[in-house]
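# Reading the structure
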Amino acid sequence: MCRLCWVIVVVLSLATSGLLYKFVFSGSVVAGDDGRQAIQLSAGERDIVFLEMRTFLDSVQKITKGIVDKDMKLIADAANKVGSAAQQQMPGTLVGKLPLEFKKLGFDTHSKFSQLAMDAESLGDEQHALKQVSDLMENCVACHETYKIEVSLK
Ligand code: HEC
């Protein structure tokens, strides 16, 4: 085969793996000034992530209220609102900018809310729900310790 063809094949493969690496693993991240990793998003993308975050917070508040009031339906409904099934489809460009570890923590958090909702319905044990919300909030803490979001114009 022609040498030029091989060169082109190699260059294209390198470019593809580079893009794949960037898109799937590393995301669009720089070192932040406070020791965290700063994910670079557009203002609109940041708004999508923040809206999801405020929904998380709202659900956590309602779950704790449900636990205090022994209201299993409130607990299950609030948890389902942020469960895996309710997870918003994010634009591909945004997904590509999020590091793999961030995505894993995000998915895991949604699935833990789903489990909490299922258990609330089937077991009706608010102490179990309290333990689950305490456990899953370790994800909130871990992610916030590691990442922040910066709006970049790119
Ligand atoms: C996968 C990572 C991740 C997880 C998990 C996560 N967050 Fe966040 N959250 C972030 C990042 C990053 C920010 C932006 C922080 C910054 O820029 O300083 C944020 C911001 C927020 C904000 C501010 C939103 C706003 O409008 O200003 C709230 C509230 C919040 N998170 C709540 C939560 C709660 C509650 C949980 C757990 C149930 C949670 N988050 C789980 C990554 C995460």
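A brief report on the enclosed structure follows. (Residues numbered from 1 in each chain as written. Predicted model: local features only at pLDDT ≥ 70, side-chain atom pairs only at ≥ 80, totals over all residues. Heavy atoms only, no water.)

### Observations concerning the state of the cysteines
Should the sulfur atoms of two cysteines be covalently bonded, the bond is a disulfide. Quick reminder of the rule: Put simply, a disulfide is two cysteine sulfurs that come within 2.5 Å. A simple rule labels every residue: compare its accessible area, found with a 1.4 Å probe on the protein chains alone, to the largest value its type can have, and call it buried under 20%, exposed over 50%, or partly exposed in between.
One pass over the full model with this rule turns up 1 disulfide. The residue that forms a disulfide with cysteine 2 is cysteine 5, at a sulfur-sulfur distance of 2.0 Å. Taking the sign of the torsion about the S-S bond as the criterion, the disulfide between cysteine 2 and cysteine 5, at about 90 degrees, is right-handed. Accessibility expressed as a relative area gives 29% for cysteine 5, which makes it partly exposed.

### Here's the deal with the nonpolar core
Note on soluble globular proteins: their nonpolar side chains tend to be buried together. Here is the rule we go by: By nonpolar core is meant a set of buried Ala, Val, Leu, Ile, Met, Phe, Trp, Tyr and Cys residues that side-chain atoms within 4.5 Å join together. Every helix listed is a DSSP run of H or I at least four residues long, and every strand listed is a run of E at least two residues long, numbered separately from the N terminus. Should any heavy atoms of two residues lie within 4.5 Å, those residues are considered in contact.
Ile63, Ile67, Ile75, Ala79, Phe113 and Leu116 are the most contacted members of the largest nonpolar core, which has 17 residues in total. Those elements that place two or more of their residues in this core are helix H2 (43-69), helix H3 (72-81), helix H5 (100-123) and helix H6 (126-146). At 5 residues, H3 tops the list of elements feeding residues into this core. The residues contacting isoleucine 67, other than those within four sequence positions of it, are Ile75, Glu126, Ala129, Leu130 and Val133. Val49, Leu94, Phe102 and Tyr147 belong to the second-largest nonpolar core, a separate cluster that totals 10 residues.

Such coordinate-based values are descriptive only and should not be taken to indicate function.
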